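Structural overview
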Amino acid sequence: MTKTIGPEDVLVVVDVQYDFLPGGNLAVSGGDEIVPLINALAKKFKNVVFTQDWHPADHISFASQHPGKAPFETVELDYGTQVLWPDHCVWATRGAELSADLDIPHAQLMIRKGYTRTVDSYSGFQEADRKTLTGLAGYLNERDVGRLFVVGLATDFCVAWTALDGAAGGFDVTVIEDATRAINANGSLEKAWADLKEAGVERIMSREILG
């Protein structure tokens, strides 16, 4: 069944940046494959929002900042368990740039996240301390938008957290599965889909929009 996209619906494009694409510091397998699909989907939407991971070089989520720790290990921080990552999306570097292959000139908003050294931020709505808001919900509410459709990288981290926070904020949220790719570290993808289902987030394929 084809979904009709209305003028009030929003496509949220999460973190399609060079460091998450093949060859990047935190490459998501197949990340480049979703770019043409996202471009095609975006043509169906009047409203498009980008999120962009944007870290200082000494960000607390980087394994390089924790002597003796390796990427994908965890540490306990003030706000809970933190996965440690390779250095990525350092502001003003090429790795932090959005892919030049994205062809979405009508996108209206860029939300940067993770720019506070001491707090990570997967979600486009709030940082990992679960207190510091990005302003995205305020923007969407002021625009009086309809449903949110989330695509991008990575399915099990920034896409999932953005979708979960959108649902918690009262939005009708759908993840377009084949327009995402996952890191899938230690069962993270299976857990993300379970959490999304429990939160009432719908899961569809792009053909249900594109036909």
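Reading guide: rules and limits
Residues numbered from 1 in each chain as written. Predicted model: local features only at pLDDT ≥ 70, side-chain atom pairs only at ≥ 80, totals over all residues. Heavy atoms only, no water. Salt bridge = Lys/Arg side-chain N within 4 Å of Asp/Glu carboxyl O. Buried < 20%, exposed > 50% of the residue type's maximum accessible area, 1.4 Å probe, protein only. Phe/Tyr/Trp six-rings, centres within 6.5 Å; stacked < 30°, edge-to-face > 60°. Lys NZ or Arg CZ within 6 Å of the ring centre and 35° of its normal. Helix = DSSP H or I, 4+ residues; strand = E, 2+ residues; numbered from the N terminus. Contact = heavy atoms within 4.5 Å. Core = buried A, V, L, I, M, F, W, Y, C linked by side-chain atoms within 4.5 Å. Pairing = 2+ DSSP bridges. Axes fitted to C-alpha atoms, helices over the stretch in contact; angles between N-to-C directions.

1. With respect to the pattern of salt bridges
Counting across every chain of the model gives 9 salt bridges. Notably, a salt bridge pairs Glu 73 with Lys 69, separated by 3.8 Å at the nearest N-O pair. Among the residues examined, Glu 73 registers a relative accessible area of 32% and is labelled partly exposed. Residue classification places Lys 69 among the partly exposed residues on the basis of a relative accessible area of 36%. Through salt bridges that share partners, Asp 15, Asp 53 and Lys 113 make up one connected network.

2. So, the packing of aromatic side chains
Overall, the coordinates contain 7 aromatic pairs when judged by the stated rule. Through a chain of ring-to-ring contacts, three or more aromatic side chains come together here, namely Phe 72, Trp 85, Tyr 122, Phe 157 and Trp 161. The lysine or arginine in question, Arg 94, covers the ring of Tyr 18, its NZ or CZ lying 3.7 Å from the ring centre. Lying over the aromatic face of Trp 54, Arg 112 brings its terminal NZ or CZ to 3.6 Å of the ring centre.

3. Observations regarding the environment of Gly 124
On the secondary structure map, Gly 124 appears in the loop between β5 (109-113) and α2 (136-143). Residue classification places Gly 124 among the buried positions, given a relative accessible area of 0%. Counting along the chain gives 109 residues from Gly 124 to Asp 15, while the straight-line C-alpha distance between them is 9.4 Å. Setting aside anything within four residues of it in sequence, one finds Gly 124 in contact with Thr 51, Ile 111, Lys 113, Thr 134, Leu 136 and Thr 162.

4. Examining the nonpolar core
In terms of nonpolar packing, the biggest core is built from 58 residues, with Leu 11, Val 13, Ile 38 and Ile 176 touching the most fellow members. Going through the elements one at a time, β1 (10-14), α1 (35-42), β2 (47-53), α2, β6 (148-153), α3 (155-168), β7 (173-181) and α4 (188-198) are the ones with two or more residues in this core. Every residue in contact with Ile 176, bar those within four places of it in the chain, is listed here: Leu 11, Leu 41, Phe 149, Val 150, Val 151, Ile 204, Met 205, Ser 206 and Ile 209. Counting residues in hydrophobic clusters, the runner-up holds 5 residues, among them Ala 63, Val 75, Leu 77 and Leu 84.

5. Observations regarding the sheet that holds β5
The sheet built from 6 strands is open, its strands ordered β5-β2-β1-β6-β7-β8 with parallel pairing. The strands lining the two open edges of the sheet, one partner per strand, are β5 and β8 (202-204). Neighbour-to-neighbour, the strand axes of the sheet open up by a mean angle of 25 degrees, direction not taken into account. Direction of pairing for β1 relative to β6: parallel, over a ladder of 5 bridges. Opposite Val 14, over in β6, you have Gly 152 as the bridge partner.

That's the geometry; what it means functionally is another story.
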